[in-house]
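Report on the structure
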Amino acid sequence: MQIVQLFVDGEQVDMFKDESITISDSIANVKDISKIYTAYSRQFTLPASPTNNRIFKHYYNFNVVGNAFDARFKVDAYLNVNGIRYKDGKLRLSGVKLKDNSPESYQVTFFGNAVALKDLFGEDTLSTLTGGTEGLNTYNHTYDNLTVRRSFNNAQQLFAGTPRAGDIKYSFISHSRVFRYTGTDVLSDYDGETGLARYLGLGDLKPSLRLNSIIKAIQEKYSITFSQDFLNTAYFKNLYMWLHKQAGVMTQAADENSLRTYFSDSSVWTLTSGTEFRQADGTLFTFTEPSGIPFPTGTEEVRYILETYTVNTTSVDYDVEINQGTIYESSGNGNTVFNVNYTIESVSGGQTHELDFTIISDSTHSPTQSISLQKQIKSGASWIDDGSPSVYDVAATAVTTYLDVPSQMPNMKVYDFVINLFKMHQLTASIDKELNGTETVEVLPLQDYYSTGVTHDITKNIDVTSTQVDRLIPYKEINFTYKGRKSAAITAYDQAYPNDKFGDLNWNAGTEDMDGQAYSVGLNFEHMYFERILSSGGGASTVQYGVMVNQDLEPIVNLPLIHCIVLRETDTPNLKWNNGDATQATLTQFNAPTNIDANNNSIHWGTQYNEYDLPVVLEEDSLYNRFYFDSITSVFAQNARKITYKAYLPLGLLLSYKLNDRFRVGQNTFKIESVNTNLQNQESKLVLYNDLPPASTGGIIIDPQGDNPDITDVPTPCDTTMRWNYMDDVTAYFVYLNGSKIAQTNQDVPFYKFTDLDFESSNTVGVRALYNASYSLGSRIVSVPTEGFDLFFYLNEVEDRASYYENECESFNLLTELDRC
């Protein structure tokens, strides 16, 4: 029998001797960032002892207020097993059972020491990620023709010479205008533009922000540390979000001078007198006890009054907005005190309030700013000032032509952004706590997470009297989709291929006899078909772009667009920039938006061709192949099973195992689905599944309706061509050499001539038939070995054979074969 102790806020609580505490660990919690509670218990009971009554402050007596136990919030707790610290976490008080009007027991639930992101992020949107050293407002930049053009053609990156270089870029995604290639120039004249107005210019583009920069802002605002193993890879650092908040042009006009400052940014807004109402984590105006005034019994109402907003500057006209006009807007000239008198409500436990201040002017100037905030508490029906107002100032800052990044962020919640990013890459999240108490959310793709685990032999700990073996239900459908598909080019593609949408991966077993479920992942991101601009005669420019218009050529906005950026050269050159001053610049290189980066990493779900490559080149390094292939295909194995064991694991293993470890039973190794352990008697229910390698399909979903090709001729020194049977309903063939794809042939070319084959050793050649437009479905790879030849011995042998033939025709044929070699 184990000795289990529960501590609440550092104090040991009394427990029933026969009360069982079951701790559950599940891989589902690791695979879902929204559920990163690393352990939890079922509800259990504690006796209503004098100690527990004191700890829970007689919660059953609801007439006690002020100093009562507040069950609306979890409290710090931890579990000891045999005196060893086992789990840190939180305790929730659910209720108290009374008997004869006296407390009998408390119902509590212990949660692992992690945070539910839904609670942490709340309803915050990406635009609220401001303040501090990593806030999105730190990417604000000058917005004029020269700055944007230099970013676009990489002549000078924004924030060049700093660690932020490359974090924000302008690429060729047009928000409104359609461009074409005349054979000489890339230009837009669909709306009657003439002259320099036909060329690409400042008003056509919006910036894109590196996803890793958004992650950094999230870490800082919510005091989370994500491991960088995956987030700092070259692939992830080349993923960008297009800052497209509304259809058409940005709210920031090119000739508009403006300044936006965020109250949460304590490096800009500094307290000069009074009490600091902002919190270290960026939360504003959280509830605090009043100072110097007895707090009224039975009320916890607090509010703040934004009394005045002061702008001191030279004698110029300007407009002011607070929260983009939703709280207050007015106009001023020179030194002006604006009487705002806006009430900001707050409640016990804290409530976030975001404030931003904007000054807009036709002229450039450098104003100082100041606000006065008064805290009040409620006494009866009246509100009473709690001390003197607090005053915050902003030093003189230029109102100039610049772009405010937070105000351009797509309308997406922080929580939704993180969840979709995790689904996109099948990332896992687990809490790693160091000895100094620092916690890191370990972020890894699932296969990488498993690769860091260790194997524990638990053969001796299994109770063989009770074992259950169940089938693993294979998937009969696999559907990976982008939900955002509104732009004209991708809509046209989807209409042409309704069963093979661009960038998606949809597969079914093709037979109703297979018993299984659908595996579906849908991303709330936009996907775009980026076009290599062609002329009306079919001539290709070297310019690739995207345009966010519908099929009626009207500007649209939908879900946030994720894309890669590749710097490309213009060979002609045929890309010109309208400088906005009656001059133009010829660009020799530009930032091309793409779904496939320079290292051929694709953000398509399935195998898809690169829109830039002519002729068409298929890329297999898709999201599915890189992040889902291993975990999904292994369940198709005929011997895949789920096994449930009863076990009595040693305490040392209970304290140390991780969900990415394996358990070995006899000669078999298993991955962990869940572990449920009764801490009192050490009995564990283990739900495992056998650790199998992924199916060998080469990364393409096997089409069960498609036939496999039949290789009819294998390369030899005399004829290096591989041939296979012609097949109907095939769209293309992939050719393989020694396990690697080396070429592609058309559907009517069932052969391939190899070059530079070393026939002194054996080679493995292969072919796969592809069955749909995106080539994401196909047969298995059919491979055969070639025979190893000593080439010089072979040639000599042929010549010797020819010299012995008396029949001239036979000798001639053999010598002809020799000549061919």
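Placed above this text is the structure.
Below, the structure is looked at part by part. Just so we're clear, the structure is a prediction, and the values are computed from it rather than from any experiment.

So, on to the overall build of the protein. If you tally the helices and strands in the protein, you get 13 helices and 54 strands. Here the protein, with 821 residues, has 52% of them falling under the buried criterion. Total accessible area on the protein stands at roughly 36700 Å², and carbon and sulfur atoms take up 46% of it.

Spatial ordering of the open sheet is given by 32-31-33, a layout of 3 strands whose pairing is mixed. Looking at the sheet topology across the chains shown, the edges are occupied by strand 32 (505-508) and strand 33 (517-526). Each neighbouring strand pair of the sheet contributes to a mean axis angle of 15°, computed without reference to strand direction. Direction of pairing for strand 31 (residues 475-484) relative to strand 32: antiparallel, over a ladder of 4 bridges. Paired with Ile478 across the strands is Trp507, a residue of strand 32. Of the strands in this sheet, strand 31 and strand 33 touch helix 7 (residues 414-425), which is tilted by about 130° from strand 33. Of the strands in this sheet, strand 31, strand 32 and strand 33 touch helix 10 (residues 623-633), which is tilted by about 150° from strand 31.

Before going further, it helps to spend a moment on a negative patch on the surface. A cluster of like negative charges, contributed by Asp317, Asp319, Glu329 and Asp362, occupies part of the molecular surface. Among the secondary structure elements, Asp317 is positioned in strand 19 (residues 317-322). Taking relative accessible area as the criterion, Asp317 reaches 57% and is therefore assigned exposed.

Below, the discussion takes up the packing of helix 7 against helix 10. The interhelical angle for the contact between helix 7 and helix 10, taken along N-to-C directions, is 80°, at an axis separation of 8 Å. Between helix 7 and helix 10, the angle falls in the class roughly perpendicular. Here Lys423, Met424 and His425 of helix 7 lie close against helix 10, whose contacting residues are Leu623, Phe627 and Tyr628.

For side chains of opposite charge, pairing can occur when their charged atoms come near one another. Enumeration according to the criterion identifies 24 salt bridges in this entry. The salt bridge partner of Glu620 is Lys741, with a shortest N-O separation of 3.9 Å. Of this pair, Glu620 sits in the loop between strand 41 (618-619) and helix 10 while Lys741 sits in strand 50 (residues 740-746), placing them 121 residues apart in sequence. A relative accessible area of 15% means that Glu620 is categorised as buried. Given the relative accessible area of 30%, Lys741 is considered partly exposed. A salt bridge links Asp691 to Lys671; the shortest N-O distance between them is 4.0 Å.

Time to look at the environment of Asp661. With respect to the helices, strands and loops of the structure, Asp661 is situated in the loop between helix 11 (651-656) and strand 43 (662-665). Taking the C-alpha atoms as reference, Asp661 lies 9.4 Å from Tyr449; in sequence the two are 212 residues apart. Look past the residues within four positions of Asp661 in its chain and what remains in contact with it is Gly453, Val454, His456, Phe670 and Ile672. Of note is the side chain of Asp661, whose polar atom sits 2.9 Å from the backbone nitrogen of Lys658.

Attention now goes to the side chain of Thr440. Tracing the chain through its elements places Thr440 in strand 28 (residues 439-445). Apart from the residues lying within four places of it in its own chain, the contact partners of Thr440 are Thr225, Phe226, Ser227, Ser430, Ile431 and Asp432.

Quick look at the environment of Val687 now. Mapped onto the secondary structure, Val687 falls in strand 45 (residues 683-690). You can call Val687 buried: its relative accessible area is 9%. C-alpha of Val687 to C-alpha of Val675: the two residues are 12 residues apart in sequence and 6.5 Å apart in space. Among all residues touching Val687, those that are not within four sequence positions of it are Lys642, Ile643, Thr644, Ile672, Glu673 and Ser674.

On to the sheet that holds strand 10 (residues 168-174), then. Read from one edge of the open sheet, 7 strands run 34-35-10-14-15-36-39, paired in mixed fashion. Where the open sheet ends on each side, the last strands, each with one partner, are strand 34 (531-534) and strand 39 (589-594). Neighbour to neighbour, the strand axes of the sheet diverge by 55° on average, direction disregarded. Of the strand pairs in this sheet, strand 34 and strand 35 (residues 540-547) are connected by 3 bridges, and their pairing is antiparallel. Paired with Glu531 across the bridge in strand 35 is Tyr545.

What follows concerns the nonpolar core. What tends to happen in soluble globular proteins is that the nonpolar side chains get buried as a cluster. Phe152, Phe172, Ile214, Ile218, Phe417 and Phe480 are the most contacted members of the largest nonpolar core, which totals 87 residues. With 8 residues, helix 7 is the largest single contributor of residues to this core. Residue contacts for Ile218: discarding those within four places in its chain leaves Phe121, Leu129, Ser223, Phe226, Val414, Phe417 and Val418. Core analysis: the second largest hydrophobic core is formed by 27 residues, Leu306, Val340, Ile371 and Val399 among them.

This part takes up the packing of helix 5 (residues 211-222) against helix 7. At their nearest, the axes of helix 5 and helix 7 sit 12 Å apart, and the two run at 125° to each other. For the element pair helix 5 / helix 7, the angle class is oblique. Along this stretch, helix 5 crosses helix 7, giving a crossing that reads as left-handed. Between helix 5 and helix 7, the contacting residues are Leu211, Ile214, Ile215, Ile218 and Tyr222 on the first element and Val414, Phe417, Val418 and Leu421 on the second. The residue makeup of the contact of helix 5 with helix 7, split by class, is 9 nonpolar, no polar and no charged.

What follows concerns unusual backbone geometry. Not every positive phi belongs to a glycine, and Asn82 is a case in point at roughly 50°. Phi at Asn323 takes a positive value of approximately 55°, unusual for a residue other than glycine. Looking at the element boundaries, Asn323 is found in the loop between strand 19 and strand 20 (328-333). The exposure class assigned to Asn323 is buried, which follows from its relative accessible area of 17%.

Conventions and cut-offs
- Residues numbered from 1 in each chain as written.
- Predicted model: local features only at pLDDT ≥ 70, side-chain atom pairs only at ≥ 80, totals over all residues.
- Heavy atoms only, no water.
- Helix = DSSP H or I, 4+ residues; strand = E, 2+ residues; numbered from the N terminus.
- Buried < 20%, exposed > 50% of the residue type's maximum accessible area, 1.4 Å probe, protein only.
- Areas by Shrake-Rupley, 256 points an atom, 1.4 Å probe, with all protein chains shown as cover.
- Pairing = 2+ DSSP bridges.
- Axes fitted to C-alpha atoms, helices over the stretch in contact; angles between N-to-C directions.
- Contact = heavy atoms within 4.5 Å.
- Patch = residues over 30% accessible without salt bridge, like charges linked within 9 Å, V, L, I, M, F, W, Y side chains within 5 Å.
- Salt bridge = Lys/Arg side-chain N within 4 Å of Asp/Glu carboxyl O.
- Lys, Arg positive; Asp, Glu negative; His and termini not counted.
- Charge placed at Lys NZ, Arg CZ, Asp CG, Glu CD.
- Parallel < 35°, antiparallel > 145°, perpendicular 65-115°, else oblique.
- Polar contact = N/O pair within 3.5 Å; in protein donor to acceptor, adjacent residues only side chain to side chain.
- Core = buried A, V, L, I, M, F, W, Y, C linked by side-chain atoms within 4.5 Å.
- Left-handed = near helix turned anticlockwise from the far one by under 90°.
- Nonpolar A, V, L, I, M, F, W, Y, C, P; charged D, E, K, R; others polar.

The analysis is restricted to geometry; functional conclusions fall outside its scope.
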